[in-house]
Amino acid sequence: MPLSRDLPETTLRLIARDPDRFLDGLLAKMRRISDDGAVSPEDAARAEQRRRAAERARQLERLFGYDIDGDGTVTRAEFNARIAPGKPVDRERFDKFLAAADADGDAVVEPDELYAHADRIAARSPGLEQQRYDPHDLAQFDGDGDGTVTEAEATQAIRAIAAELDPLNDFLPARPTAASCALPLPPAEAEVVLLSGYEGAALSTVATDGMDAVTTVATVTIEDGERPVYIFATAYGQIIWKLDGAVDRVARFVVQPPAATLGPGAGVVGVPTGAVSFVAPGVCMEYFTSRKDASARRVAERFATPLGRDAAELVVIGHYELDGVQVPSGKARKKTAGTFLGMTFTSPVAEDDATERGARTPLVPPGADGAEPGAESRSALPHGQLAPTAEDASEGQSASGIAAEIEELTRELLRVHPAGVIELDPDAVVAPGVVRPFDLRPMQAGLIELIEAGALRETSDDGYLVTQAIPRLPAGWTVHARPHRTFTFGDDVPRPDRGPGRVAPRGED
């Protein structure tokens, strides 16, 4: 039986996309578990214990931060004392903490209860390393069946799986080769740019691969100049390329989408349809995140002849996070500090640039100049929704509790996608297939939508109780989120058919 038959599709996608990159990551993981890179089930179990201990220590440090008098216990008075001056006391948050941690119900959380609570969180949390060490994960590559996986066995297994994938899979093409890549030729006088990255810095309101896959937005500014530019662009994830600036210089914008199953995988905004071309996923260029990458050099050498250029003539631009990339210079937008709801975050948009780049959802603190007046006006959030008023309090959760949770989710969103959410018109997106607006925005933006609709209520351990039928869980919500967050469905609330995430049994808290 082929090795690949025993692996989940997500793993097969990663191997098929770039087997060398997958193998490098696997070997690095094995060396973290065992000094010699040979991993037994006992090695993996010890690594998981270390991970769990580190996460438990992190949780204990957080929990004992509430022990103001240092006696080893946490009371309501101590919990409230940690609240910053001027902020309202949130009784509900402490009640949820008690429900989760106070085993004997005396309203005082003792040291053993704090430890047990931290251990429960650590047990189900990927924690600091964002991964568990499951012996089964590596046992799949145990070639001789002796229980220990060596680097040689892992390498041989990944190479064999990669070789099997071409005839097996329908979701990814073979590794790019120059022979399979048919490109429109650039004008003789054009500057040729190879542009690549991992993802955009903003979330998109338009989906390019169904409702359960995150689509990001990469903003590209065409600089002033005399010569036309020919751009070939690709990225690791589903993406919409949003161009601005001197777009009349763009002679051709060629896109290689990522592999996608429920849509085109990529789209373009800001240039005429006639200036945009698409090639099949994976047939031309492997993605890279720096022009210094070895893969970037390979790409330049591969592209030179088909494009009628010397490799040294090609402009190679690579950034992990694509935001405000200037073409053809390759400069990226510098991040600047900003504030939102009293928080400091890193944003790639300076204040004097935010209004000019009007497609961004503004970040306006409550009561700041520019907020619309009136009882119904609310401050804009990065996901484009409205902050809660007192009337928004859902049953069992106060308006202050809702606002605090939205603030925390906003912080998480901006940490991962500092450009927030960019509103796009699906009809304005040039794509080789149908793109649709998200029915529920991805990641933390979608959680905020559900909270504001009264469909989610925060529970103990930062989980959620789903109180109404929802279309799905937000795409990508687990990425860089509080790792122990779970969803619990009420007795009469149906579960959605689709959507990623950890779901607790119905009625369980």
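Only a predicted model underlies this, so the values are computations on that prediction, with no experimental measurement involved.

**So, the sheet that holds strand β9 (residues 276-278)**
So, point 1. Strands sit in the order β9-β7-β5-β1-β10 across an open sheet of 5 strands; the sheet is parallel. Strand pairing shows two members of the sheet lacking a second neighbour, β9 and β10 (315-322), which therefore form its edges. Strand-to-strand twist in this sheet, taken as the mean axis angle between neighbours without regard to direction, amounts to 20°.
So, point 2. Sheet analysis places strand β1 (residues 191-200) next to strand β5 (residues 229-235), joined by 7 bridges and oriented parallel. Bridged to V193 within β5 is I231.

**Some points on the confidence of the model for the chain**
So, point 1. Residues of the chain with pLDDT of at least 70 account for 73%, and the chain-wide mean is 75.
So, point 2. Below a pLDDT of 50 lies the segment residues 336-396, which in the model reaches 119 contacts outside its immediate sequence neighbourhood of four places, other chains included.
So, point 3. Note that pLDDT drops below 50 for residues 499-509; the model gives that stretch 41 contacts with residues more than four away or on any other chain.

**Details of the environment of T148**
So, point 1. Here T148 is to be found in the loop between α7 (135-139) and α8 (151-168).
So, point 2. Taking relative accessible area as the criterion, T148 reaches 23% and is therefore assigned partly exposed.
So, point 3. Linking T148 and V39, residues 109 residues apart in sequence, is a C-alpha distance of 5.4 Å.

**Examining unusual backbone geometry**
So, point 1. The omega torsion across V327 and P328 is 15°, close enough to zero to call that bond cis.
So, point 2. Positive phi, close to 65°, is recorded for A107, a residue that is not glycine.
So, point 3. Secondary-structure assignment places A107 in the loop between α5 (91-101) and α6 (111-123).
So, point 4. Of the residues examined, A107 reaches a relative accessible area of 37% and is grouped as partly exposed.
So, point 5. Look at M443: it is not a glycine, yet its phi comes out positive at around 55°.
So, point 6. Within the fold, M443 resides in helix α12 (residues 443-452).

**Let's talk about the pairing of β5**
Residues in a regular strand project their side chains so that they alternate between the two faces of the sheet.
So, point 1. Counting buried residues along β5, 7 of its 7 residues qualify, which places the element largely inside the surrounding structure.
So, point 2. Burial of β5 is two-sided: the residues V229, I231, A233 and A235 facing one way and the residues Y230, F232 and T234 facing the other way are all buried.
So, point 3. Sheet analysis places β5 next to strand β7 (residues 250-256), joined by 6 bridges and oriented parallel. The residue of β7 that forms the bridge with I231 is F253.

**Re the pattern of salt bridges**
In a structure, side chains of opposite charge can pair up when their charged atoms sit close to one another.
So, point 1. Throughout the structure, instances matching the rule amount to 15 salt bridges.
So, point 2. One salt bridge connects R52 with D119, and the closest N-O pair in it is separated by 2.8 Å. With R52 in helix α3 (residues 41-64) and D119 in helix α6, the pair connects residues that are 67 residues apart, well separated along the chain.
So, point 3. Between E449 and R441 there is a salt bridge; the shortest N-O distance is 3.9 Å. The pair formed by E449 and R441 is uniform in burial state, with each residue classed as buried.

**Here's the deal with α12**
Every α-helix carries 3.6 residues per turn, so stepping three or four residues along brings you back to the same face.
So, point 1. When you tally the buried positions in α12, you get 9 out of 10 residues, the bulk of the element.
So, point 2. What α12 keeps buried is the set M443, Q444, A445, G446, L447, I448, E449, L450 and I451.
So, point 3. Contacts made by the buried residues of α12 are with β2 (202-204), α11 (399-416), β14 (421-422), β16 (456-458), β17 (464-466) and β18 (487-489).

**Side note on helix α2 (residues 19-33)**
So, point 1. Helix length check: α2, at 15 residues, gives a terminal C-alpha distance of 21 Å against a target of 21 Å (1.5 Å per residue), a fit within 8%.
So, point 2. Taken residue by residue, α2 has P19, F22, L23, L26, L27, K29, M30 and I33 as its buried positions. For α2, the arc enclosing every buried residue in end-on projection is 155°, short of the 170-degree limit, so these residues lie on one face.

Cut-offs used in this document
- Residues numbered from 1 in each chain as written.
- Predicted model: local features only at pLDDT ≥ 70, side-chain atom pairs only at ≥ 80, totals over all residues.
- Heavy atoms only, no water.
- Pairing = 2+ DSSP bridges.
- Helix = DSSP H or I, 4+ residues; strand = E, 2+ residues; numbered from the N terminus.
- Axes fitted to C-alpha atoms, helices over the stretch in contact; angles between N-to-C directions.
- pLDDT = per-residue confidence, 0-100.
- Contact = heavy atoms within 4.5 Å.
- Buried < 20%, exposed > 50% of the residue type's maximum accessible area, 1.4 Å probe, protein only.
- Salt bridge = Lys/Arg side-chain N within 4 Å of Asp/Glu carboxyl O.
- Expected span 1.5 Å × (residues − 1).
- Arc of directions from axis to C-beta.

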